[in-house]
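Analysis of the macromolecular model
So you can see what is in the structure, the chains are spelled out below.
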Amino acid sequence: MTSISEIIISAIQDKKGHDIKEIDLSKVDGAPCQQFLVCTGNSTTQVSAIADNVREEVQKQAGEKPINYDGYRNSQWIVVDYGDIMLHVFLPDTRSFYRLEQLWSDAPTRDIPDPE
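Cut-offs used in this document
- Residues numbered from 1 in each chain as written.
- Predicted model: local features only at pLDDT ≥ 70, side-chain atom pairs only at ≥ 80, totals over all residues.
- Heavy atoms only, no water.
- Helix = DSSP H or I, 4+ residues; strand = E, 2+ residues; numbered from the N terminus.
- Polar contact = N/O pair within 3.5 Å; in protein donor to acceptor, adjacent residues only side chain to side chain.
- Buried < 20%, exposed > 50% of the residue type's maximum accessible area, 1.4 Å probe, protein only.
- Core = buried A, V, L, I, M, F, W, Y, C linked by side-chain atoms within 4.5 Å.
- Contact = heavy atoms within 4.5 Å.
- Phe/Tyr/Trp six-rings, centres within 6.5 Å; stacked < 30°, edge-to-face > 60°.
- Disulfide = S-S within 2.5 Å.
- Pairing = 2+ DSSP bridges.
- Axes fitted to C-alpha atoms, helices over the stretch in contact; angles between N-to-C directions.

1. Focus on the environment of Asn53
For Asn53, the location among the structural elements is in helix 2 (residues 44–62). Taking the C-alpha atoms as reference points, Asn53 and Ile112, separated by 59 residues in sequence, lie 18 Å from one another. One polar contact links the side chain of Asn53 to the main-chain carbonyl oxygen of Ala11, over a distance of 3.0 Å.

Encoded structure:
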């Protein structure tokens, strides 16, 4: 069975999301979840499309709906919350500004290669 994390990564790649990072927060005290997945889209349209595709694919393949999601109003940063996993889809400038990876730099991070 494919994990929700794997479904999310595949759905991001389907919409050409890039610079995907998987941050393992399972051993970090006070972390809001077990894992962050972070990626970048090049436009507000692409950011929305990535988040929509993730929600559709996780629902279709795993039968899971997000607990919550937010950020569609301006689509510069959309977060999709699946409880143990939170997806953050950013525009490049917004991602640079909030520096989420640096905020959780004490957690192990895995770079997911961009699809060819």
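2. Some remarks on unusual backbone geometry
At Lys16, a residue that is not glycine, the phi angle is positive and equals roughly 65°. When you line up the elements, Lys16 lands in the loop between helix 1 (4–14) and strand 1 (18–24). Positive phi values are uncommon outside glycine, yet Asp19 reaches one of about 50°. Considering the arrangement of structural elements, one finds Asp19 in strand 1. Relative accessible area serves as the criterion here: at 35%, Asp19 is assigned to the partly exposed category.

3. Quick word on the nonpolar core
For soluble globular proteins, nonpolar side chains are generally found buried alongside one another. Counting 21 residues, the largest nonpolar core has Ile8, Ile12, Cys39, Val54, Tyr82 and Leu87 as its most contacted members. Elements represented by at least two residues in this core include exactly helix 1, strand 2 (35–40), helix 2, strand 4 (77–81) and strand 5 (85–90). Apart from residues no more than four positions distant in its own chain, Leu87 is found in contact with Ile8, Ile12, Leu37, Cys39, Val54, Ile78, Val79 and Val80. One finds Val38, Phe90, Leu100 and Trp104 within the second-largest nonpolar core, a separate group that totals 12 residues.

4. Thoughts on the packing of aromatic side chains
Applying the stated criterion to the full structure yields five aromatic pairs. With 4.7 Å between their ring centres and 50° between their planes, Trp77 and Tyr98 make a pair best called tilted. Of the two residues, Trp77 sits in strand 4 while Tyr98 sits in helix 3 (residues 92–98), which places them 21 residues apart along the sequence. In textbook terms, an aromatic cluster arises when at least three aromatic residues are bridged by ring pairs, as seen for Trp77, Phe90, Phe97 and Tyr98.

5. Topic: the state of the cysteines
Under the definition given, this model contains zero disulfides. Considering cysteine sulfurs only, Cys39 is the nearest to Cys33, which forms no disulfide, with 15 Å between them. On the basis of relative accessibility, which here comes to 6%, the residue Cys33 falls in the buried class.

6. Describing the side chain of Thr94
For Thr94, the position within the fold is in helix 3. Under the relative-accessibility criterion, Thr94 is labelled buried at 10%. With near-sequence residues (within four places) excluded, Thr94 lies in contact with Gln76 and Trp77.

7. What about the sheet that holds strand 1?
Pairing between the strands of a sheet is mediated by backbone hydrogen bonds and can be parallel or antiparallel. Taking strand neighbours across the sheet as the criterion, the six strands line up as 3-4-5-2-1-6 in an open arrangement whose pairing is mixed. Strands with a single pairing partner mark the edges of an open sheet, and in this sheet they are strand 3 (68–70) and strand 6 (109–112). Here the strands of the sheet are splayed against their neighbours by 15° on average, with no regard to which way each runs. Judged from the six bridges that link them, strand 2 and strand 5 form a sheet pairing that is parallel. Looking at the pairing, Phe36 lines up with Met86 of strand 5. Helix 2 rests against strand 2, strand 3, strand 4 and strand 5 of the sheet, and its axis sits at about 10° to strand 4.

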